[in-house]
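Tertiary structure, described
Letter by letter, the chains look like this.
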Amino acid sequence: MLSNLASDSGKRSSLHGHWSSRMAFILAVTGSAVGLGNIWKFPYVTGQYGGGAFVLVYLACIVLIGMPVMMSEILLGRRGRRNPIATMALLGSEEGKSSNWSWVGGIGVVAGVLILSYYSVYGGYSLAYVLKSAAGTFSGAGAADVIAVRDGFEGSWKAVGLFHTLFMGLSIFVVARGVERGLEQAVRFMVPALLVLLLALLGYSINSGYFAEGFEFMFTPDFSKLTWEGVLAAMGQAFFTLSIGMGAVMAYGAYLPEETSITGAAAAVAIADTTIAIIAGLVIFPLVFANGLDIDAGPSLVFITLPLAFGNMAGGIIFGTLFFILLTFAAWTSAISLMEPAVAWIMEHLNHSRAQAAVMMGLSIWAMGLGTVFSFNILADFTFFKGTIFDNLDFLTINVMLPLSGLMIAVFAGWVMCRNSSADELGSAGTSYKIWRILVRFVAPIGILFVFLKSSGLLEFVENAVQRISGAS
Ligand code: PHE
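Note that this is a predicted model, so its numbers are computed, not measured.

Rules used in this analysis
- Residues numbered from 1 in each chain as written.
- Predicted model: local features only at pLDDT ≥ 70, side-chain atom pairs only at ≥ 80, totals over all residues.
- Heavy atoms only, no water.
- Near = heavy atom within 4 Å.
- Polar contact = N/O pair within 3.5 Å; in protein donor to acceptor, adjacent residues only side chain to side chain.
- Areas by Shrake-Rupley, 256 points an atom, 1.4 Å probe, with all protein chains shown as cover.
- 1 Å grid on protein atoms, 1.4 Å probe; cavity = no way out; pocket = protein on both sides within 12 Å on 5 of 7 lines; lining within 4 Å.
- Sits in = over half its atoms within 2 Å of the grid points.
- Nonpolar A, V, L, I, M, F, W, Y, C, P; charged D, E, K, R; others polar.
- Patch = residues over 30% accessible without salt bridge, like charges linked within 9 Å, V, L, I, M, F, W, Y side chains within 5 Å.
- Salt bridge = Lys/Arg side-chain N within 4 Å of Asp/Glu carboxyl O.
- Helix = DSSP H or I, 4+ residues; strand = E, 2+ residues; numbered from the N terminus.
- Buried < 20%, exposed > 50% of the residue type's maximum accessible area, 1.4 Å probe, protein only.
- Points joined across faces, edges and corners; volume = space filled by probe spheres on them.

Looking now at the site of the ligand. Around the ligand, the structure places 15 residues, and the nearest of them are Ala33, Gly37, Tyr119, Phe240 and Met246. Between the ligand and the protein, one listed contact pairs a nitrogen atom with a side-chain N or O atom of serine 243 at 2.9 Å. In isolation the ligand offers 320 Å² of accessible surface; the protein chains occlude 100% of this area. Counting atoms within 2 Å of the grid points, the majority share of the ligand lands in the largest cavity. For the shell around the ligand, the class distribution of residues is seven nonpolar, eight polar and no charged.

What follows is about a nonpolar patch on the surface. A cluster of nonpolar side chains, contributed by Val63, Leu64, Trp415, Ile438, Phe442, Val443 and Ile446, occupies part of the molecular surface with about 640 Å² of accessible area. The element that contributes the greatest number of residues to the nonpolar patch is helix H19 (residues 431-455), accounting for four residues. Mapped onto the elements of the fold, tryptophan 415 is located in helix H17 (residues 389-416). Taking relative accessible area as the criterion, tryptophan 415 reaches 43% and is therefore assigned partly exposed.

Attention now moves to the layout of surface pockets. Roughly 420 Å³ of internal volume is contained in the largest pocket. Contributing to the lining of the largest pocket are 22 residues, with Tyr44, Gln48, Phe390, Asp391 and Asp394 lying nearest its centre. With six residues, the top contributor of residues to the lining of the largest pocket is H17. Across the lining of the largest pocket, the residue classes tally to ten nonpolar, six polar and six charged.

See below:
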């Protein structure tokens, strides 16, 4: 096998099979990208960090940092063709540098596992809301009723834990069967259907009488409301929503056929993902204003606004149920991509079958997820640093681990890897290649580092020190 590795890297083939077509790859990465991040997380962080200015920074991060890093991950994955840890080690030594680059893959795999531990809890929420909608719980409900339902659910660790368990079971099931089978079909149907339902909801929120307020909140930047922590959160959200910085896209890239254009695929995914997030915001904020809800309600924002909307529209039971089914699907196709890198690693390193690896990994992630399950009820008062266990996990993964591993990926693809290797994967050295290279060598790393230093206060510390020294001289 190793001799095969050392030969022409362009011809290396994946250990775990290939996507059947370019479309299949785009769908799978879109399935990974479009998830709770778009509909659950984007609106609530936008609400917490003050709206327009946050959205603007987020969009800039998608284009200037997210896109080039995503292209880098795909090209590294396709060149290495194994799990992210092995891929980084292999490419590191192949480029004549260190195999210790495997650490970058390692941070990503661990981030994916930690993220899935709480992602699954919110996937479980979505699943629970399918049943609640179908049972007509929200029919004719007012804001107070919907909040009471949320409080009742969240307050019970048994209920939250049960649905977390079910959601994790679904994820283990698909990963155990292999990513190609079944998944492509689900995504092919899921993304368009989700978009159609979101557009229907958009119609509803346009008629809510508060569309202008919601629109203004999202698109009128007020930079006085933006903190450096907000900028960091916007950058973290860009990584999270595009599924980058944690090996998921790298793992999927490993199964990508040789001739597929990476630039085109990455652009398609980024456009689909951003459109869905923006529409979700345009659905949710007008409803927040129309119903006098709390704009910084945090993680359960959509589980209040949307049931309220469905509860008061014609055919709400059907639309509401369908919507949460699709949201569960969206979360599911993301969850499996969060699990795949770790599972591929176990298969390659510990020599387990795919099914065994999926069950082992799944059970460990499930157990870690209990920390988040309890963050809303029995351990709600157990807070430190950024808040509850969930708050800390969220901060550590999204605001620290993803940007760090994104930074290292950009540095690797832009500086460590020689020009010939990256041009070989991205095809030619045309304009798009040149733009990519500038972004990945300069804009992305400097941007990430700057935001990082600024939001952690380190930059000010240095500035003050410099001032003190120059003042003293
Ligand atoms: N991008 C997914 C979402 O927006 C979350 C995710 C992150 C999935 C990382 C896979 C890897 O919901």
